[in-house]
Amino acid sequence: MTDYRAIINKKRPEHINDDFSVRHQKMPRSKRAKLFMPFDALSGFDERMDEETVDTVHPAEISDELSTELDGKIRALHESLRELPPKKTERKGLFVISILFFERNSEQEMLKNDGIRGNYRWISGSLTDIDDTDKSLEIDYVRYPICFIYAIEY
């Protein structure tokens, strides 16, 4: 303990016009603050970890009853489209529907590598077309595959 008493009571050294002060000039306070700013050594790591914690599920299998119900609703939508104007642009806002759609998440599919993954979400908008060859519904000019539709409300 006696060795440190001499150091504790010493004042801070002052370098005025000596070799040290010429080589190591005093840093202005405005630049000094930059030394203590947060530093992200692994840029993008936090975002990547957040992506991995996204909760995704596998698509549910559609039962026969639900499949029959959806087929009936799609046939009814076909009939409704016949009553609407022939041009898609004229149909906007005339027949509004909502669908429960399984939206795939390709990043999670690659990360987990265990099949199709995604989340369910409700989508509402104007029915603009039904494509039998493509097997899709078009809502507000965006196509949704019928195989990933789990409910239709209109």
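Residues numbered from 1 in each chain as written. Predicted model: local features only at pLDDT ≥ 70, side-chain atom pairs only at ≥ 80, totals over all residues. Heavy atoms only, no water.

Draft legend 1. Representation of a positive patch on the surface in the model. A cluster of basic residues, Arg12, Lys26, Arg29 and Arg32, forms a positive patch on the protein surface. Note that Arg12 resides in the loop between helix 1 (2-8) and helix 2 (19-23). The exposure class of Arg12 is exposed, given its relative accessible area of 72%. (Patch = residues over 30% accessible without salt bridge, like charges linked within 9 Å, V, L, I, M, F, W, Y side chains within 5 Å. Areas by Shrake-Rupley, 256 points an atom, 1.4 Å probe, with all protein chains shown as cover. Salt bridge = Lys/Arg side-chain N within 4 Å of Asp/Glu carboxyl O. Lys, Arg positive; Asp, Glu negative; His and termini not counted. Charge placed at Lys NZ, Arg CZ, Asp CG, Glu CD. Helix = DSSP H or I, 4+ residues; strand = E, 2+ residues; numbered from the N terminus. Buried < 20%, exposed > 50% of the residue type's maximum accessible area, 1.4 Å probe, protein only.)

Draft legend 2. Fine view of unusual backbone geometry. The phi dihedral of Asn17 is positive, around 55°, even though this residue is not glycine. Following the sequence through the fold, Asn17 ends up in the loop between helix 1 and helix 2. Even without being glycine, Asn113 reaches a positive phi, approximately 50°. With respect to the helices and strands, Asn113 occurs in the loop between helix 7 (106-112) and strand 2 (118-131). According to the relative accessible area criterion, Asn113 is exposed, its value standing at 66%.

Draft legend 3. Highlighting the sheet that holds strand 5 (residues 149-153). The sheet built from 5 strands is open, its strands ordered 4-3-2-1-5 with antiparallel pairing. The open sheet has two free edges, formed respectively by strand 4 (142-145) and strand 5, since each of these has just one partner strand. Neighbour-to-neighbour, the strand axes of the sheet open up by a mean angle of 45°, direction not taken into account. Pairing analysis gives 4 bridges linking strand 2 to strand 3 (residues 136-139), with the strands arranged antiparallel. (Pairing = 2+ DSSP bridges. Axes fitted to C-alpha atoms, helices over the stretch in contact; angles between N-to-C directions.)

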